[in-house]
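Report on the structure
Here's the letter readout for the chains.
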Amino acid sequence: MATAPDPSPVGAERASGGVVPPSRRSVLVAGATVGGALTVGGPAVGGPAAAPAVALPAPAPTADATTTVTASGDSWRTVLDDADLVWQKMPTTWYEGPYLGNGHLGSGIYAEPGRGAVRFNVQHSEVQDHRPEFGSLFGLARLPIGHFTLEPVGTITGLDWRLRLHDAELTGTLTTTAGTVRLRAFIHTTASVMAVEITPSEGEKNIRWVFHPAEAISPRAAFKPLPDGYRGNPPAVVETHGELTAAVQPLLAGGQHVTAWREHADRRGTGRTLYVRVEHSFPGTTARDRALRAVRTASAVPYDVLARPHRAWWDRFYRKSFLSLPDARLQRFYWIQLYKAASAARRDAPAMATCGPWLEPTPWPNTWWNLNVQLEYWLIHGSNHLELDAVTRALSEFRSQLTAEVAAPYRADSAGIPRTTDTRLVNGGATPTGNGYGVGIPGENPPTPEVGNLVWALHNVWLSYRHTMDRSILRDTLFPLLRKAVNYYLHFLSPGPDGKLHLPATFSPEYGVDAPDCNYDLMLLRWGCRTLLDSAAELGVPDPLAPRWQDVLARLASYPVDANGYMIGAGVPFAKSHRHYSHLLAVYPLYEVTGRSPEERALIEKSLDHWVSFEGALQGYTFTGAASMSALLGKGEDALGYLGELMSRFIQANTMYKESGPVIETPLSASQSVHDMVCQSWGGVIRVFPALPAAWRELVVHDFRTQGAFLLSAVRENGRTRWVRLRSEAGAPCVVRHGIEGPVEVRDGHGRRLRWEPADDGAIRVRLRKGESALITARGDRPDLRIRPVRPNAPAPRWGLPA
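Residues numbered from 1 in each chain as written. Predicted model: local features only at pLDDT ≥ 70, side-chain atom pairs only at ≥ 80, totals over all residues. Heavy atoms only, no water.

Observations regarding the packing of aromatic side chains
Filter applied, for reference: Only Phe, Tyr and Trp rings are paired, with Trp represented by its six-membered ring, and only when their centres lie within 6.5 Å; those with planes under 30 degrees apart are stacked, over 60 edge-to-face, the remainder tilted. A run of DSSP states H or I qualifies as a helix once it reaches four residues; a run of E qualifies as a strand once it reaches two. Both are numbered from the N-terminal end. Each residue gets one of three labels from its accessible area relative to the maximum for its type: buried under 20%, exposed over 50%, partly exposed in between, using a 1.4 Å probe on protein chains only. Counted as over-ring charges are cases with an Arg CZ or a Lys NZ within 6 Å of the ring centre that also lie within 35 degrees of the ring normal.
Overall, the coordinates contain 39 aromatic pairs when judged by the stated rule. Centroid distance Phe-148 to Phe-211: 4.8 Å. Interplanar angle 50°. Geometry classified as tilted. Linking Phe-148 in strand S6 (residues 146–151) with Phe-211 in strand S11 (residues 208–213), this pair joins segments that are 63 residues apart in sequence. Under the relative-accessibility criterion, Phe-148 is labelled buried at 0%. The class of Phe-211 is buried, set by a relative accessible area of 13%. The positively charged end of Lys-658 is found above the aromatic ring belonging to Tyr-95, 4.8 Å away from the centroid.

Remarks on the nonpolar core
Definition in use: Put simply, buried Ala, Val, Leu, Ile, Met, Phe, Trp, Tyr and Cys residues joined by side-chain atoms within 4.5 Å make one nonpolar core. Contact definition: two residues touch when any of their heavy atoms are within 4.5 Å.
Core analysis: the biggest nonpolar cluster contains 221 residues, and Leu-165, Trp-335 and Leu-395 have the highest contact counts within it. Dropping the residues within four chain positions of it, Leu-165 is found in contact with Leu-80, Ala-83, Asp-84, Leu-85, Trp-314, Tyr-318, Trp-335, Ile-336 and Tyr-339. In terms of nonpolar packing, the next biggest core, distinct from the first, is built from 19 residues, Ala-195, Ala-246, Val-258 and Ala-260 among them.

As for helix H6 (residues 328–344)
Convention followed: Each helix should span, by expectation, one fewer than its residue count multiplied by 1.5 Å. Any pair of N or O atoms that falls within 3.5 Å is considered a polar contact. Within protein, one atom must be able to donate a hydrogen and the other to accept it, and sequence-neighbouring residues count only if both atoms are side-chain atoms.
Under the 1.5 Å per step criterion, the end-to-end length of H6 is 24 Å for 17 residues, consistent within 8% with the ideal 24 Å. Extensive coverage of H6 is indicated by the burial of 16 of its 17 residues. For H6, the capping residue at the N-terminal end is Asp-327, with a side-chain oxygen 3.3 Å from the backbone nitrogen of Arg-329.

A word on the sheet that holds strand S30 (residues 710–717)
Sheet strands associate in pairs through backbone hydrogen bonding, adopting either a parallel or an antiparallel arrangement. Put simply, the rule is: Here, strands pair whenever DSSP counts at least two bridges between them. Here an axis means a line fitted to C-alpha atoms, over the contact stretch when the element is a helix, while the angle between two N-to-C directions is reported on a 0 to 180 degree scale.
In spatial order, the strands read S16-S29-S30-S31-S36-S33; together these 6 strands make up an open sheet with antiparallel pairing. Bordering the open sheet on either side are strand S16 (322–324) and strand S33 (744–747), each of which pairs with just one other strand. Mean inter-strand twist for the sheet, computed between neighbouring axes without regard to direction, equals 20°. With 6 bridges connecting them, strand S29 (residues 699–706) and S30 associate as antiparallel partners. Within S30, the position partnered with Val-700 by the bridge is Val-715.

Remarks on the confidence of the model for the protein
The test is simple: Scored from 0 to 100, pLDDT reflects the predictor's confidence in each residue.
Chain-level pLDDT for the protein is 91 on average; 91% of the residues reach the 70-or-more range. Confidence drops under a pLDDT of 50 for residues 1–64, and excluding neighbours within four residues, the segment shows 147 contacts in the predicted structure.

Pasting the structure below:
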């Protein structure tokens, strides 16, 4: 999808995916452009005055101020400052500490185990091994790089840290028996350099940094037996290059990754800044020179000057959408997830691995495609952050690999994606003994025949298309790849005695039993055929396979169901605790089964209740899926209850999550569950506030992106929807279930009445051309259209480790 270029002068991309650090002059120029925009003051909804206003973008010009949506004070600064994580106790693990990142470089910060020091991990999403003969989990695994320790003179006795979301910057103090150390740190969003400034008191002037290279071996080695013949890479070699140092890690397969750094004192001599850069090259050995050059350039720029374009980028990022709700803990959690997503994802970065750029000891040291990737990226659509969409980019860029991953007899017309891949979607050796799982062959085991992962991943691409209506996504990526993914299924469909088309045994992630007519695959295949037909019509493509897709839709076997709801597959009931909702995808996220009739609604309710009734194997994303399914049914209390279970049972102090090792998809998908409570736009209808709990009497959403490429703003006051504004970016059909009680009127961006007509179930249809907007209010009402944070129902502790 085409986007406007980043206005920051520091944006020249390297071929490796990194970015050239800025010159001092370019940073000064970029920093000088921040600010100077219009601000509007006003009180918070139901609460005290908002914080002083700064750098608020001016609203678009309009002929009638009564239809102009603006923001009160600096609403973004208010909610972001409130969401800052704080630490007044030392974090001891990755699940407790601060984290910084830019989609490529990442650092998790916590106490160095067994020592009186602070660890700053250094990890990178592109750093991996290159030995495909050992599979994606060993030979192609992401490799640990190392960490710095900040080693004070005295014994650490206290700390006071704050992760400032607005600036993506860690600030605070460290107190020791010898003095204090002021600290600031960030990972530059475009230059991909970590900068850590320390200002020690006299007693701590000899505080020092020490780098500890990690053993370059798959993290899975700590959990599973090594494959025959596999060994770790040789140790890193630490080199001195004048005032710079580099840890050069050679790889047995060729290539290298390099960590380069320099500590530089400020002009006053009171503070020192550590600058760190990581580069990876394969099969060449260019990483050392690139890393040294980047650190040399960045370290010539003072900390505050280097930070200016970084802070400006984050300010622009957050202002693309706004959400405020009266649950203080959940509102903070939501904004932290936006910070986390932008720290872990970029369009030009690898699709997120299970732990993002923050590699820790884990049995899952690569990218997982049977749920994790899909859940990691759902929140980017509603929050209006398609610039983070690495899934569409990766599937398109490495499409030839998707063909290579299916068995040789099917490569002429088919494609698939394995359960696990590296950054280039390569699986390597596909054996169930620990090296990874390839694309299965229906009816055969081994390999375990997990077949539908590519179709599910392409559902994410479809969401990106639907939320932007960018035809290039549909034409160039979604349609050709979905055609091949569905083709793979067509090789194995066969008619049964009932005249229906049936699938041989396949695998429903992660139930553990193969089943014919597996619901996971039937549901994805039905969605895939329907989407191909719709896409061909939209593109005007007379595809010769269209009759086959229509035949599949007409004759595909029904989803297997028993007295407890949806089964795993024919002859395999859902009968044990199972964290994954692979047998329920038609309900969510595909919205193929939505409760249109009382019978269908009862089936969804029965299936959902039965699924979560088995304790034991339930995990965090069980509860995000259950929350979103409840939101589909309009059950806001149930949705909030499931999110409450997630928070109390699984979410860690810094909002991270673990299952044997670090994984990040669940907290990110919880943000999508919040989205599903606030707005749904499946089936061509925008539903405003469809599943709010009674306690959420006040709610504000602004520039929430919906399917059809609309930007939604809406306000709920005293338990009632007060107004709804939709702005069309593509001129797509606009049908909205606004939820405003009684007769309504609709006005355009100039305050003129717009014609509308009623649609089904209380919705209305408004004709909007590209660039036009519609404001919906109760008849005769002239509400205040300012966007403001709402007052929380009750106080709540901050995330982090407050005292």
